[in-house]
2 protein chains.
Amino acid sequence: IVRREVTRIVSPGTLTEDGLLDPKSSNFLAAVVPAGEWIGLAWVDVSTGRFTATALAADRLADQVVRIAPSECLLSSELTEPVDLPERCTRTTRPGWAFGQQVATEALKKLLGVKSLDGFGFDEDNERHALAIRAAGAIVDYLQETQRSQLGHIDRLLPFENESTLQIDAATWRSLEIAHTLRDGRREGALLGVIDRTVTSTGARLLAEWLRGPLTDAPRINARLDAVAELVDHASLTDAVRERLRAVYDIERLVSRVTTGRASPRDLSCVGRTLAGLPTLKAKLSGRSSERLTQIEQRIDLCPELRAKLEAALEEDCPPKAADGGFVRAGYLADLDECRELMTGGKQWIAKYQAEQVEATGIPSMKVGFNKVFGYYLEVTHAQRDKIPDNFIRKQTLKNAERYITPELKEYEEKVLSAEERVKEIELRVFGELCELVVEAGRRLLSTAAALAELDVLAGLADLARSRAYTRPTMVDAPVLDVAEGRHPVLDVMQPEGQFVPNGVSCAARPDDPEALLNADNVVKGETGKAKGEGSDPAPSLLLITGPNMAGKSTYIRQTALITLLAQIGSFVPAKSATIGVADRLFARVGASDELSRGQSTFMVEMTETARILNTATRRSLVVLDEIGRGTSTYDGLSLAWAITECLHNDIGCRALFATHYHELTDLANQLPGVANRSVAVHEHQGDVVFLHQIVEGAADKSYGIHVARLAGVPRGVNQRAEEILALLESQHDNSSELHTL
Amino acid sequence: IVRREVTRIVSPGTLTEDGLLDPKSSNFLAAVVPAGEWIGLAWVDVSTGRFTATALAADRLADQVVRIAPSECLLSSELTEPVDLPERCTRTTRPGWAFGQQVATEALKKLLGVKSLDGFGFDEDNERHALAIRAAGAIVDYLQETQRSQLGHIDRLLPFENESTLQIDAATWRSLEIAHTLRDGRREGALLGVIDRTVTSTGARLLAEWLRGPLTDAPRINARLDAVAELVDHASLTDAVRERLRAVYDIERLVSRVTTGRASPRDLSCVGRTLAGLPTLKAKLSGRSSERLTQIEQRIDLCPELRAKLEAALEEDCPPKAADGGFVRAGYLADLDECRELMTGGKQWIAKYQAEQVEATGIPSMKVGFNKVFGYYLEVTHAQRDKIPDNFIRKQTLKNAERYITPELKEYEEKVLSAEERVKEIELRVFGELCELVVEAGRRLLSTAAALAELDVLAGLADLARSRAYTRPTMVDAPVLDVAEGRHPVLDVMQPEGQFVPNGVSCAARPDDPEALLNADNVVKGETGKAKGEGSDPAPSLLLITGPNMAGKSTYIRQTALITLLAQIGSFVPAKSATIGVADRLFARVGASDELSRGQSTFMVEMTETARILNTATRRSLVVLDEIGRGTSTYDGLSLAWAITECLHNDIGCRALFATHYHELTDLANQLPGVANRSVAVHEHQGDVVFLHQIVEGAADKSYGIHVARLAGVPRGVNQRAEEILALLESQHDNSSELHTL
């Protein structure tokens, strides 16, 4: 029978076991408080103590929750409206009072040890802040009930900067495959999987956080880019830094374990080892010129006293359980050394005593034993009973044997037991003291961990930039986009070296001021911007991309969105050069997904997502659309695509890329000043088709669906028949009655 | 500091903790052994002991793995080829030798306690069986390494009946949303979520298993239907059975816990309570006429001795840990009762003694204490030291106090301690004995659990059938399909009562024998089969469905597939009447999904899935296709759709439903004898459109994409413009140059 003790209640959102958690991902517990048009949302990673709260417009909840991907979400039992959560998220119902403002505020103040939440940027009297506080409070209440140990590692509540991040809705987040692939939810194959070159778990988690909230403030983006650039320029420094970072343990989760009383001596020695590596790391960073790196250097706190203490006290190789003992270094405490000697000496005496008694009594089977009731004893079988000397005191009679004690045995017993207990006591005391020291240094350690994580992300981005030949984007405020030889960050890696065909893009939002149309000097001129005529023309705002399937239309528009996203997290981008105007929102309508159980058809989903774009995109947004309108019949779809293109061009004027099969749309380039045609180059040779994957100016004149079908393995006969039908259709284009002869 | 002991290594596939497992789902650990064209696959649910192995054609692996959805999969370190696994599945690499046939066979024989695996249907000399054995052996090796306790609950290796189940490929499994929704992977909203009316966890898991492997053998399907029918007819019996089943605990997981030494007294009492409910349950089943129910009744083993023993031995309310004690009923063992009395008496004496001594010495602060080194003692502060009587023996000096013993105290100490230890000893012994009894009865309990699970599934299906007015399908061998007033099982429930519009379907595979075309008598005539002419015509094999979006085309073809699937697991179906020819394969190409990271465009995915259908469907298959060809330009797509329709009709001749936007295809009904047109009825009134969701004979004449766009929230201006363009397109149909005037 294995004994188990209930020390806490485990639920998906409160897991802290290393074996069950992905070190590279955060495991969030969230709470949602809907209140009409606004919603309070808070989330915490119990394994690291990272705790965030915010209030959102109700219709933004789904977008935000998809990005956070909590594994568990707390909802009030009094909720009447349904809350839209991803499936993998366990819904836990909590009593309504746990979401009350007063209860929540008190619980938070008590946990965080403050008199007011103002210091964290939360104003109790502000209605929206109150919603955030109520959500956060519900989390604290739940944790206090389920996590029986302390929650001291949760010492801050971070406001989520909702306003100053690039807005990405749930459909865009999913279809651009930023954190997970669409098909099977893998991280591998998604943008995150490809750009993550971090070497620490905290770094990996921070990079994911940056992707969840790209910046919209050029100076902040540039500060990150400056640091990445400096690390790119100093390759050997970057390599050395990354090498050192590899030896850094997950301080966030270690501190969390120590604070919640779940740490082991081994955990403490990991803290010590990490600290031991910091001086070299810090030294490497001294004298850097970029602001971020200088700040990181300053934020690395060497905690020399803690390090010295841990190194002095702990053995090289510590056990995973404090109760196992033997982890305090000999020589650390005279007291402990002495007791250990006594213990060893006493046990040796008892062994010798047994041998002596066996000889003296002539009972070879006599044995020393131990039990909790009367300690050490000598056991003799009934058969040998007569040989027992007088000074043996009988203590217990068993079925086959009798147990005796002697005064000498008792004397040493006390020595051994006392020493043993004392050794254990001292080791546990030392362990407790060391834990206490780590807890005291908690905030310094966590701040150092945050600096190291940032360093890791920046160095990882530098490594990515260097190894994949990324370039530093020039960030500008004007809503332009001018990329030369851009590549899709994921396919660039997935496809064999040198196989991916790079493509440029050049576009700019339509001038705000109608006057500016006449004076195009203040608009950036794109490389390929000459499509509309001579050099002085402004870059188009909307690119229509036509051309065969499989030739890279979708890839092209996706890569444009991803390059913008990368630039706004402060990363270099896969291109020869790039000038990127900071976008406020990023929309991607690519691929289709069904929502059968809600009674929505594919086309309805497509139109709903499109409506959202038309209703919320601004002149500063970037919109990429793939095959809008194909979910309905030809004329319907064409009419809608036409009207949508006009709306994007005339009313919104934002940068937009629209890949379409409706060749008819290409006429729009002649009618609307900001629309330009692009297509995918194809080389046809003896009935075989080679897709060059190159985006060129002008519209496509042919499609290659049947060619794709052959590649996909559609039976030869079916394909031949399709070719025949196609030939007939094309030759008898104007006479549909001829179809009857097929 | 909380003490923890490492008792086993936890990984996603070996979880057994109730809190971390969904009781309604199995948690599978799988192992894969690729060997050229064949692949060995084994999977086990450690929490229940269910262990299955099989060998598959290599290209079927992905289909099977998607259905099993293991949370962890073992792969050999020597593997050179990549293995396609779902993302949620953790990949664990194991040494190559663990997959060796000899090692595997020995490990299995030892675990299962057999001399040969023949008894389980595995022949070591058969090459494919050997693959299955190697996969199973790797699992056993891994479990032995990670699960430190015994694995006795895994006592059988089941062969997976690959051949006699309805073949469903991964794309079909996903797009029909059988176990999870496509959009967000929820169980709720999927077929399983809607039809699962089971009341026990084992029942829920069995129903999922039935869905993973629907039958293709009419007699076996009918045996299940007979049972469901009997339960439908006897409503009060079914209600009573379900009520009783609610009190049945998860015997599979309980036995597993007992066998692996992780059980608690509470677990044992759950076994006892379940047994206590069985006699009534069994009695309810006596005299049933259907074969399955009769067999279930026979398979329910009341285990009366075990039940009597558990009831006699255990308290009503047992603790979750054996070490807590107090769970053995008073009166069960004279020995135990006596010790408990002694223990209580001794403790009372010691309390009294302390009071006496306080009075006698005049030291009010004197206290009795206990430690492990010298047992009970009296503690007195140094200040009171002078008042100590002579008969007190000093044992220890502390900083502030001294500790003494007295002969009387020692005398009672031994009584109390001995009794206490004895009580614990006896209770743990009783617990061990009871566990032993459960282990001995393991196989009988598991077989009873299996019978109860089947009863639960059948009763659940009966409850579903009754409450949702399902009907018993007539299963026939001829490949026909004749459903009157069929409903989509999920939408039928999701949509408000009475809102779902039922639709019939009638089709039949094309006659095998060309002669039979002339003599149509042996083909079932469908209700709506008269479309082609007069009553004597055979039912069509391929239905082309045209009509506006949102009007239910996709729903209609999906419901047809789901009704067939339901029938083949032995369920009643949502229809007024249904005659269903058993299908060998079910194909659904509905909705689109992208596979960007593999460089495949949406259209490539569509064509790959279509190619698979055309290459593997047989005359006995059922194929449903949604909008094939829309991923390319108009003429290409139409040509392909046309040729695919011809191939399905001429070469395969299977039952097929094809929803399409290509109205041009409807001409095929005039040219091919087995093709018939169906469309969705629409009511137009003053510019407003009402979709009647009714499938009627004949082709549609108009599409309603712009109407859908309005419903989806596309801005009014955009819609009005689209209407204008559409009007122009339609009026100037033959003169595309007119587009320039838009």
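Structure first, text after, so check above.
Quick caveat: nothing in here was measured; it's all calculated off a predicted structure.

Before going further, it helps to spend a moment on the overall build of chain A. The secondary structure content of chain A amounts to 22 helices and 21 strands. For chain A, the proportion of its 742 residues judged to be buried stands at 57%. By element, 48% of the accessible surface of chain A is carried by carbon and sulfur atoms, the whole surface being about 29,700 Å².

The next point concerns the pattern of salt bridges. Residue and element names in this part refer to chain A. Scanning the model with the defined rule gives 85 salt bridges over all chains in all. As a salt-bridge pair, arginine 340 and glutamate 427 come within 2.9 Å of each other at their nearest N and O atoms. Pair noted here: arginine 340 is in helix α13 (residues 334–361) and glutamate 427 is in helix α14 (residues 407–440), with a separation of 87 residues, a long-range link. Each member of the pair, arginine 340 as well as glutamate 427, is classed as buried. Here the residues in one salt-bridge network are Arg50, Arg205, Glu209, Asp250 and Glu252, joined through shared partners.

Residues and elements named next belong to chain A. Ordered in space as β5-β4-β1-β2-β3-β6, the six strands form an open sheet in which the pairing is mixed. Edge positions in the sheet fall to β5 (90–94) and β6 (158–159), since each of these pairs with one other strand and no more. With eight bridges joining them, strand β2 (residues 38–45) and strand β3 (residues 50–57) adopt antiparallel strand pairing. Of the residues in β3, the one forming a bridge with alanine 42 is alanine 53. Seen against the sheet, helix α3 (residues 127–146) touches β1 (28–35), β2, β3, β4 (72–76) and β5 and runs at an angle of roughly 40° to β2.

We now examine the side chain of arginine 205 of chain A. Summarising the element assignment, arginine 205 of chain A is placed in helix α6 (residues 201–212). Once you skip the residues sitting within four places of it in the chain, arginine 205 of chain A turns out to touch Pro23, Lys24, Ser25, Ser26, Asp45, Thr48, Asp250, Glu252 and Arg253 of chain A.

Here we come to the environment of aspartate 335 of chain A. All names here are of chain A. Along the chain, aspartate 335 turns up in helix α13. Between the C-alpha atoms of aspartate 335 and isoleucine 426, which are 91 residues apart in sequence, the distance is 8.4 Å. Discounting residues that sit within four places of it in the chain, aspartate 335 has contacts with Arg422 and Ile426.

Moving on to the packing of helix α10 (residues 265–285) of chain A against helix α15 (residues 442–467) of chain A. Residue and element names in this part refer to chain A. For the pair α10 and α15, the least separation of the axes is 12 Å and the interaxial angle reads 55°. It follows that α10 is oblique to α15 by the angle criterion. Here the hand of the crossing between α10 and α15 comes out left-handed. In this structure, α10 contributes Val271, Leu275, Leu278, Leu281 and Leu285 to the contact, and α15 contributes Leu445, Thr448, Leu452 and Leu455.

Quick look at the sheet that holds strand β14 (residues 503–508) of chain B now. Residue and element names in this part refer to chain B. If you walk across this open sheet you meet the four strands as β12-β16-β13-β14, and the pairing is mixed. The open sheet has two edge strands with one neighbour each: β12 (474–476) and β14. Between one strand axis and the next, the sheet turns by 15° as a mean value, whatever way the strands run. Pairing geometry for strand β13 (residues 480–486) and β14, over five bridges, is antiparallel. Across the sheet, valine 480 pairs through a bridge with alanine 508, a residue of β14.

Our focus in this paragraph is the environment of leucine 268 of chain B. All names here are of chain B. As for its placement among the helices and strands, leucine 268 is situated in helix α10 (residues 265–285). Sequence separation between leucine 268 and valine 258 is ten residues, and the spatial gap between their C-alpha atoms is 8.0 Å. Look past the residues within four positions of leucine 268 in its chain and what remains in contact with it is Val258, Leu310, Leu314, Phe431, Leu434, Cys435 and Val438.

The subject of this paragraph is the nonpolar core. Counting residues in hydrophobic clusters, the biggest one holds 117 residues, and the most contacted among them are Ile195, Leu268, Leu306, Leu445, Leu565 and Leu657 of chain A. Ranked by size, the runner-up nonpolar core spans 115 residues in total, among them Val241, Leu254, Ile557 and Phe691 of chain B.

Residues and elements named next belong to chain B. Most of strand β9 (residues 375–381) is tucked away: five of the seven residues are buried. Across five bridges, the pairing between strand β8 (residues 367–371) and β9 is antiparallel. Among the inter-strand pairings, lysine 367 is bridged to a residue of β9, identified as glutamate 379. Taking the residues that link successive antiparallel strands as the turn, the β8-β9 hairpin has three residues. Note that β9 and strand β11 (residues 401–405) share four bridges and pair antiparallel. Following the sheet pairing, glutamate 379 is matched in β11 by arginine 403.

Residues and elements named next belong to chain A. For α13, spanning 28 residues, the distance from its first C-alpha to its last is 40 Å, which sits close to the expected 40 Å at 1.5 Å a residue. Those residues of α13 that fall on the buried side of the exposure criterion are Leu336, Cys339, Arg340, Gly346, Trp349, Ile350, Tyr353, Gln357 and Thr361. Buried-residue contacts for α13 involve β8 (367–371), β9 (375–381) and α14. Where α13 terminates, the next one or two residues include glycine 362, which has phi positive at roughly 70°.

With that settled, consider the packing of helix α2 (residues 101–112) of chain B against helix α3 (residues 127–146) of chain B. The packing of two helices is summarised by the inter-axis angle and the distance between the axes. All names here are of chain B. Packing of α2 against α3 leaves a shortest axis separation of 8 Å and a crossing angle of 65°. In terms of their interaxial angle, α2 and α3 are classed as roughly perpendicular. Here α2 runs over α3; the crossing is left-handed. Mapping the contact onto sequence places Gln101, Ala104, Thr105, Ala107, Leu108 and Leu111 in α2 and Ala130, Ile133, Arg134, Ala136, Gly137 and Val140 in α3. Class assignment of the residues belonging to the contact of α2 with α3 gives a composition of eight nonpolar, three polar and one charged.

Even without being glycine, alanine 469 of chain A reaches a positive phi, approximately 55°. Looking at where alanine 469 of chain A falls in the secondary structure, it is placed in the loop between α15 and β12 (474–476). Positioned with a positive phi, histidine 693 of chain B is a non-glycine residue whose angle comes to about 60°. Inspection of the secondary structure assignment puts histidine 693 of chain B in strand β21 (residues 688–697). For histidine 693 of chain B, a relative accessible area of 33% gives the class partly exposed.

This next bit is on the packing of aromatic side chains. All chains considered together, the criterion is met by twelve aromatic pairs over all chains. Geometrically, the ring pair formed by tryptophan 349 of chain B and tyrosine 353 of chain B is stacked, given 4.8 Å between the ring centres and 15° between the ring planes. Taken together, the residues tryptophan 349 of chain B and tyrosine 353 of chain B, both in helix α13 (residues 334–361) and four residues apart, mark about one turn of the helix. Taking relative accessible area as the criterion, tryptophan 349 of chain B reaches 17% and is therefore assigned buried. Looking at tyrosine 353 of chain B, the relative accessible area reads 3%, which means it is buried. An aromatic cluster of at least three residues, connected via ring pairs, comprises Trp349, Tyr353 and Tyr412 of chain A. The ring of tryptophan 210 of chain B carries arginine 224 of chain B above its face, with NZ or CZ at 3.6 Å from the centroid.

Moving on, we come to the pairing of strand β15 (residues 542–546) of chain B. Residue and element names in this part refer to chain B. The buried count for β15 comes to five of five residues, which makes it a mostly enclosed element. Neither face of β15 is left uncovered, since the one carrying Leu542, Leu544 and Thr546 and the one carrying Leu543 and Ile545 both have all their residues buried. As paired strands, β15 and strand β19 (residues 655–659) are joined by four bridges and run parallel to one another. Note on β19: the bridge partner recorded for leucine 542 is alanine 656.

Rules of the game
Residues numbered from 1 in each chain as written. Chains lettered and ligands numbered in written order. Predicted model: local features only at pLDDT ≥ 70, side-chain atom pairs only at ≥ 80, totals over all residues. Heavy atoms only, no water. Helix = DSSP H or I, 4+ residues; strand = E, 2+ residues; numbered from the N terminus. Buried < 20%, exposed > 50% of the residue type's maximum accessible area, 1.4 Å probe, protein only. Areas by Shrake-Rupley, 256 points an atom, 1.4 Å probe, with all protein chains shown as cover. Salt bridge = Lys/Arg side-chain N within 4 Å of Asp/Glu carboxyl O. Pairing = 2+ DSSP bridges. Contact = heavy atoms within 4.5 Å. Axes fitted to C-alpha atoms, helices over the stretch in contact; angles between N-to-C directions. Parallel < 35°, antiparallel > 145°, perpendicular 65-115°, else oblique. Left-handed = near helix turned anticlockwise from the far one by under 90°. Core = buried A, V, L, I, M, F, W, Y, C linked by side-chain atoms within 4.5 Å. Expected span 1.5 Å × (residues − 1). Nonpolar A, V, L, I, M, F, W, Y, C, P; charged D, E, K, R; others polar. Phe/Tyr/Trp six-rings, centres within 6.5 Å; stacked < 30°, edge-to-face > 60°. Lys NZ or Arg CZ within 6 Å of the ring centre and 35° of its normal.

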